[in-house]
Amino acid sequence: MDLDYQTVVAFSKSWGLFYMIALAIGVLVYTFWPRNKKRFDQAKKSILDKDDKPWN
Amino acid sequence: MIAGLTKAERQLSLAVLTVLALCGLAFAAIGRNDPIGTHGFIILLVAIGVACVVIAGYYAPEPDKEQLSRYYDDPTRVGIILSMAWAVFGLFFGVWVAALLAWPELTFDAGWASFGRIRPVHTTGVIFGFGGNALIATSLHVLQRTTRARLPDQFSPWFVLIGYNLFCILAVSGYFMGLTQSKEYAEAEWYADIWLVIVWVVYFLIYIRTLQRRKEPHIYVANWYYMAFILVVAILHIVNNLAVPVSFGHAKSYSLFSGVQDAMTQWWYGHNAVAFFLTAGFLGMMYYYLPKRAGRPIFSYRLSIISFWGIVFMYMWAGSHHLHYTALPQWVQTLGMTFSVVLLVPSWASAGNALATLNGAWGKVRDDATLRFMMVAAVFYGLSTFEGSFMAIRAVNSLSHYTDWTVGHVHAGALGWVAMISFGSIYALVPWMWNRERMYSSKLVELHFWLALAGTVVYVFAMWNSGIIQGLMWRTYNESGTLAYSFIDSLVAMHPYYIARTLGGLLFLLGALVGCYNIWMTIRQAGGRLVFQGPEVDKPALTPPALQAGE
Amino acid sequence: MPNFHRKLERSAIGFVVAIVVVASIGGFVEIAPLFTIDETVEKAPDMRVYTPLELAGRNIYIREGCYACHSQMIRTLRDEVERYGPYSLAVESQYDHPMLWGSKRTGPDLARVGGKYSDAWQVAHLRNPRDVVPVSVMPAYRWLEDNTLRTEDLGLHLKAMSRVGVPYTQAMIDNAPADAYGQANPDTDFAAGVAERYGEATNIRAFGGKPGQVTEMDALVAYLQILGKLTDAATASNVAAKAE
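Counting starts from 1 at the beginning of each chain's written sequence and moves along it residue by residue. To read the labels, note that chains go from A and ligands from 1, taken in the order they are written. Two thresholds apply to this predicted model, a pLDDT of at least 70 for residue-level local features and 80 or more for giving and counting side-chain atom pairs, whereas whole-chain, interface and lining totals are computed over all residues. To get the side-chain values, take all heavy atoms of the structure and skip hydrogens and water.

K.L.:
I'd like a rundown of helix H4 (residues 74–102) of chain B, residues and numbers included.
P.N.:
For H4 of chain B, with 29 residues, the first-to-last C-alpha span of 43 Å sits near the 42 Å given by 1.5 Å per residue. Relative accessibility thresholds used throughout: buried, under 20% of the residue-type maximum; exposed, over 50%; partly exposed, between the two (1.4 Å probe, protein chains only). Secondary structure elements follow DSSP: runs of H or I no shorter than four residues count as helices, runs of E no shorter than two count as strands, and numbering proceeds from the N terminus. Counted residue by residue, H4 of chain B has 22 buried out of 29 residues, so it is predominantly covered. By this rule, a helix spans an expected 1.5 Å times one less than how many residues it contains.

Below, the structure is given as structure tokens:
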């Protein structure tokens, strides 16, 4: 079977959908994983530190 | 500035400038019968000019260990100034090009001043000149502060900044001469495009090398947006600009794609230039400077992660909504429409996140025009993403497409979101960068804010009106079942709105001029050179004044 | 999963790859199938390529940024079909490198403007639009008549076009400058070659009204007069307006 228009479109539509769902789940799991909470809280406060020198 | 470079870097600069000058000379020679020859001379002159600066400072003492252990902010300072200069240039041409639609004789019979040539001068001037320089300047600042690491070297940020501005100059001067690929927002010809790729690779390497040197284990979310901006713009730029030049002595090239493929590639580029240049990059700005200025952490870090991946993923599908009811296959149109509507979710998540951050700090928003710039930017971001999703719906698009409504929508985003967040960030950044306690005049920031807001509102309302009237007139039938209005009738109806939008643009330009004056006076305020003041130079917003040099 | 992502994020390169992959999919899925679209698109055996003069005119159209105000894409909407003619087909722009579909109609659509007005009208209109349309806001292009068209390198232009897939023959490439001259000067010996290479239906006349030379006005008017005329596919397939 060669790559005709219908095949490519069918592939695009089906795998595009699966890919999107997988990605959405992946991002949500990562974001709400309990162990990540501390890191995120730290990150969001980190920019407000006052020091203005690179860490060595 | 040269004093900040090591000896080896000064030599490297001269070597690179020599190569650049030779390239310019080659173009000037091969293309002497073609506009590309003029560009060869421009490249040559820029290379020689920068080389003179390097040579003048060549024997300055090398930076000592103490200096090299600090953040490297010289390119950011220059980037801010370039950004403001481009803002005035681009906005001035915007006002002119708007005036041409009300008073067409304002071309003064010169080819370079006709609408079709100065329109890309305006768009490139504001998007790439103003926006791009603001992104480069702020990204280098944010990158260092959030990774707690100095830039990897002193040469490459200058290469990026100067190289990028050379690209902008080649692009804009080309349009005056009539050199254009005719691809909207990617008009620059092949050699300028190749040059931008080189510059962009170095920009990317700065980012990745600094990230690898980072002392802070977590990469702050603002950097994600800046990274997405750099990476995706590279992909878009390379794919959309694939072309075959007529010869090495010709500026003209022919796009590799044609017809429907070219249209889809162009609007895949065009829409994602909005997404990754005008949205992702400026969201990076917002996620750093807004919390910093407000003195409060971002409302929800998790929400910012979810909206990041949402934006990176979904924008890429949305481009085809620019081609509804055209010869593009219908399934592609439907796909584009669907994703454009769903895009509202991550977009509003970002806008809401920004506004929720300010919850509890509304007093600051009231008193501080800088923070208010950022707040209004977030509001306009929310408004224009809603409008964008709405206009991507086929039925709405059938009315809005080809009309001034699109222009109004773009400017709601460009003036209301992109320019406002940039001005806000720059006003926050300038005092930090030049070690001033605050801007020269907070009254002038206030004045700039109101001029910018008034200009945006006048402009957007004028374009909404004219666009919807235009769209309706084109599709109105009379009782006998024939079209009620000729095209000319619709054009006549536009006249008052074209005057109003020129006025709106003029207000916005005046605001930018006020901003330039204010920034200039802030820099000059203390006079003399920068003196580092120990580790606690960065002040959080609105702290009580401390004793500083020059006050 | 979180550990994986933490590693991903710690190694900046992994993060870069993630962004590139996530972002590329959308474009790939949408655009890739369009490169196989030729099989499904309507065929137009009568489709001809642009003559050197028309191509030069098209380049002037691009140079002056005409596309910023004039679209060349009639949508499948009833009012557009009634105002501008049969809606545009994909095949009609298959030799357009780049396409000039446009995105804004400050002026009317030009996809089917060919033959709608006389050469003299087009010349007068380009010279000063307000002479023929008093309320027009289009810029005047007076200098087009005075600029001699650069023809000596047209062969290179055709060659570049053939590199990106437009079927120009070697004879067309070799004779490009002569054909450009001949098409605007019907009374010269060069005119016959144009008809021979590009078909009898090709417009061969003094478009700009200045015989004996080829100006940029000749080229631009030649291009405008061919818009929508390269193939009859749109009218032949007798497309009824699909208004919604």
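K.L.:
Describe the domain arrangement of chain B, naming the residues involved and giving the relevant values.
P.N.:
Residue and element names in this part refer to chain B. Under the domain assignment used here, chain B contains domain 1 (1–70) and domain 2 (71–108 + 117–244 + 257–522). For domain 1 and domain 2, the distance between their C-alpha centres works out to 30 Å. Put simply, buried area is the surface a 1.4 Å probe can reach on two separate parts but cannot reach once they are joined, added for both. Buried surface at the junction of domain 1 and domain 2, both sides included, amounts to about 1,800 Å², of which 77% is carbon and sulfur. Here a salt bridge means any side-chain nitrogen of Lys or Arg lying within 4 Å of a carboxyl oxygen belonging to Asp or Glu. Our enumeration of links across domain 1 and domain 2 arrives at zero salt bridges. Here a polar contact is taken to be a pair of N or O atoms separated by no more than 3.5 Å, where protein atoms must pair a possible hydrogen donor with a possible acceptor and residues adjacent in sequence count only if both atoms sit in side chains. At the boundary of domain 1 and domain 2, one finds nine residue pairs in polar contact (both at pLDDT 80 or more). Here the bounds of each domain stem from an automatic or database domain assignment.

K.L.:
Give a description of the nonpolar core that names residues and reports values.
P.N.:
What is meant by a nonpolar core is a set of buried Ala, Val, Leu, Ile, Met, Phe, Trp, Tyr and Cys residues, joined one to another through side-chain atoms within 4.5 Å. Counting 265 residues, the largest nonpolar core has Phe229, Phe276, Phe277 and Trp309 of chain B together with Ile19 and Tyr168 of chain C as its most contacted members. Leave out the neighbours within four places in its chain, and Ile19 of chain C touches Trp224, Met227, Ala228, Leu231, Val232, Phe308, Trp309 and Val312 of chain B. Throughout, a contact is declared for two residues whenever any of their heavy atoms are within 4.5 Å.

K.L.:
Describe the packing of helix H16 (residues 404–433) of chain B against helix H17 (residues 442–474) of chain B, and please don't skip the residues or the numbers.
P.N.:
All names here are of chain B. Structural elements are reduced to axes, namely lines fitted to C-alpha atoms, with helices fitted over the stretch in contact, and the angle between N-to-C directions of any two is expressed from 0 to 180 degrees. In the contact formed by H16 and H17, the axes pass within 7 Å of each other and the chain directions differ by 170°. Between H16 and H17, the crossing angle belongs to the class labelled roughly antiparallel. As for the relative orientation of H16 and H17, their crossing is left-handed in sense. Any residue outside Ala, Val, Leu, Ile, Met, Phe, Trp, Tyr, Cys, Pro, Asp, Glu, Lys and Arg is labelled polar, Gly included; the first ten of those are nonpolar and the last four are charged. Split by residue class, the contact of H16 with H17 holds 15 nonpolar, eight polar and one charged. What sets the label is the angle itself: under 35 degrees gives roughly parallel, over 145 gives roughly antiparallel, 65 to 115 gives roughly perpendicular, and the rest give oblique. Crossings are sorted by hand: turned counterclockwise from the far helix by less than a right angle, the near helix makes the crossing left-handed, and turned clockwise it makes it right-handed.

K.L.:
Describe the pattern of salt bridges, and please don't skip the residues or the numbers.
P.N.:
Applying the stated rule across the entire model yields 32 salt bridges over all chains. Linking Asp109 of chain B and Arg142 of chain C is a salt bridge whose minimum nitrogen-to-oxygen distance equals 2.4 Å. Of this pair, Asp109 of chain B sits in the loop between H4 and helix H5 (115–147) while Arg142 of chain C sits in the loop between helix H6 (129–132) and helix H7 (154–163), which puts the two residues in different chains. One salt bridge in this structure joins Arg150 of chain C and Asp153 of chain C, with 3.4 Å as the shortest N-O distance. Relative accessible area serves as the criterion here: at 30%, Arg150 of chain C is assigned to the partly exposed category. Connected through salt bridges with shared partners, the residues Asp34 of chain B together with Arg150, Glu152 and Asp153 of chain C form a single ionic network.

K.L.:
Help me get a handle on helix H9 (residues 259–294) of chain B, residues and values and all.
P.N.:
Residue and element names in this part refer to chain B. Along its 36 residues, H9 runs 49 Å from first to last C-alpha, staying within 8% of the 52 Å computed at 1.5 Å per residue. Bend is the name given here to the angle between axes fitted to two runs of seven residues, the run ending at a residue and the run starting at it. Of all bends in H9, the biggest is about 30°, found at Asn272. Of all 36 residues in H9, 35 are buried, a share of seventy percent or more. At the C-terminal side of H9, Gly295 shows a positive phi close to 75°.

K.L.:
Before we move on, could you go through the interface of chain C and chain B and cite the residues and values that matter?
P.N.:
How big an interface is tends to be stated in terms of accessible area lost as the parts join. Listed per partner, the contact involves 83 residues of chain C and 96 residues of chain B. At the boundary of chain C with chain B, total buried surface from both sides reaches about 7,700 Å², with 65% on carbon and sulfur atoms. Ranking the residues of chain C by area buried against chain B places Glu30, Arg75 and Arg83 of chain C at the top, with a combined share of 10%. Put simply, chain C and chain B have five salt bridges between them. Contributions of two or more residues to the side of chain C that touches chain B are made by helix H1 (2–10), helix H2 (12–31), helix H3 (52–63), helix H4 (78–84) and H7 of chain C. Ranked by the residues each element gives to the side of chain C that touches chain B, the list is headed by H2 of chain C, at 16 residues. A class-by-class count of the residues in the side of chain C that touches chain B yields 43 nonpolar, 19 polar and 21 charged.

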